[in-house]
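Inside the fold
Spelled out, the chains give:
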Amino acid sequence: MRSKSLSVIIPTYNESQNITKMLDIVSSCLPLETNAEIIVVDDNSPDGTWKIAEEYARKSRDNGGCEIKIINRRDAKGLSSAILAGIRASSGESVVVMDSDFSHPPETITKMIEELKRSDCDIVVASRYVEGGSITGWPFKRKLISKGATKIAQRSLGIKIKDPMSGFFAFRRHIIRNIKFDAIGYKILLEILVKAKEARVREIPYNFTNRTAGASKLDRIVISDYVKSVWKLYRYGKSIRERRTSVHFLSKAGRFYTVGASGLLVNYVVSFLFGAGLSNLWYIYATMIGIMFSMTSNFILNKIWTFEDRDTSIKRTLVQYGSFLAFSGVGAIFQLGMVYVLVGTEHVSYTLSLFVSVAIASIGNFILNKRWTFKEKIWS
């Protein structure tokens, strides 16, 4: 399959009154220099929408017009799954999804593609709720349902954009490459926004116009499916956050303790040199010197590697160093006391005593320094 630069996905069901005019206008709105395709995905409409679309596609091919593909799904039903079927059958580097009832003005496609090309973003959402956007022809009840669904999505799924319920959007194909879709409900954009968390999103305004031909697909089943999809996406997001949080926490802890292990080596070498090598200091004094050397090396490595703090300004670094020494000092006092008890009272070897005391003190050091020195939440 030869790749295209743009694919326009148009799901349909009983749109015989709209489909020919829709394909006419969409074809005329596609940029001339764009190697584009239009994919109509019909759920075996009783009114023969797919037959009308197939005839139009045949004439378009004969006249050298835009490439149009028709997918007639005889068994599968549902808007989201229809869009996915269209995406799978498409080859465009960029994909536009829109309705077939003229509620989404085809003229906006050009603006969406231009925004996708010139701005540093992965998804462009045609929005009814940003400045310049509007809704025409909806009764108050329909507006209330839409606003309520939007608020539910924003609050429960942590979505920041103003119109996550939009069915009119464009995206770069690569952002969905590793997404496993559930295709529940009628707003697949929600699923993309939740599962492609790193995607950069822009909204552009458009005027949503209520259909003048055909019947609305909004019913109790659609509303029920929406609630199910939000709940499933909420559970998905929660599991991902928990997984990411635990991995992130364990990664930081692993780095911190790796640094601590290097500090243990520094501590041991320095303490040994001052206690038995270069001089004959009392082991407590030698341990204190070893602690200072190891705390300094630990601070430098933790700042650069563990907590990835790139702010190396003198003032900030000195404040952090002071805080690190203060919290590490708590561990040091514990370490000194434990070494003294183990060596002086329990007659445990100095090497083992030093190792055990440093290991235990490092747990407290990690928690205190993570929270206060480097200003991170403990579980984040």
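About the thresholds
- Residues numbered from 1 in each chain as written.
- Predicted model: local features only at pLDDT ≥ 70, side-chain atom pairs only at ≥ 80, totals over all residues.
- Heavy atoms only, no water.
- Buried < 20%, exposed > 50% of the residue type's maximum accessible area, 1.4 Å probe, protein only.
- Helix = DSSP H or I, 4+ residues; strand = E, 2+ residues; numbered from the N terminus.
- Contact = heavy atoms within 4.5 Å.
- Pairing = 2+ DSSP bridges.
- Right-handed = clockwise from strand over helix to strand, strands pointing away.
- Phe/Tyr/Trp six-rings, centres within 6.5 Å; stacked < 30°, edge-to-face > 60°.
- Lys NZ or Arg CZ within 6 Å of the ring centre and 35° of its normal.

1. What about helix α3 (residues 79-89)?
For α3, the tally of buried residues reaches eight of eleven residues, placing the bulk of the element in the interior. Among all positions in α3, only S80, S81, A82, I83, L84, A85, G86 and I87 are buried. Of the surrounding secondary structure, the elements contacted by the buried residues of α3 are β1 (4-12), β2 (36-42), β3 (67-72), β4 (92-97), β7 (169-172) and α6 (188-195).

2. Thoughts on the pairing of β1
Taking burial as the measure, the nine residues of β1 include eight buried ones, the bulk of the element. As paired elements, β1 and β4 share five bridges and run parallel to each other. By the bridge assignment for β4, V8 is matched with V96. Both β1 and β2 contribute to a ladder of seven bridges, which runs parallel. Bridged to T12 within β2 is D42. Between the parallel pair β1 and β2, the chain is carried across by helix α1 (residues 19-29), and the sense of this crossover is right-handed.

3. Things to note about the packing of aromatic side chains
Scanning all chains against the criterion turns up 13 aromatic pairs. Centre to centre, the rings of Y257 and F366 are 5.9 Å apart; their planes meet at 50°, and the pair counts as tilted. In this pair, Y257 sits in helix α7 (residues 220-277) while F366 sits in helix α10 (residues 350-373), placing the two residues 109 residues apart along the sequence. What makes F366 buried here is its relative accessible area of 1%. Every member of this aromatic cluster is reached through a ring pair, and the members are F249, F256, Y257, F299, F307, Y321, F324, F366 and F374. If you follow K21 out to its NZ or CZ, it ends over the ring of F102, 5.6 Å from the centre.

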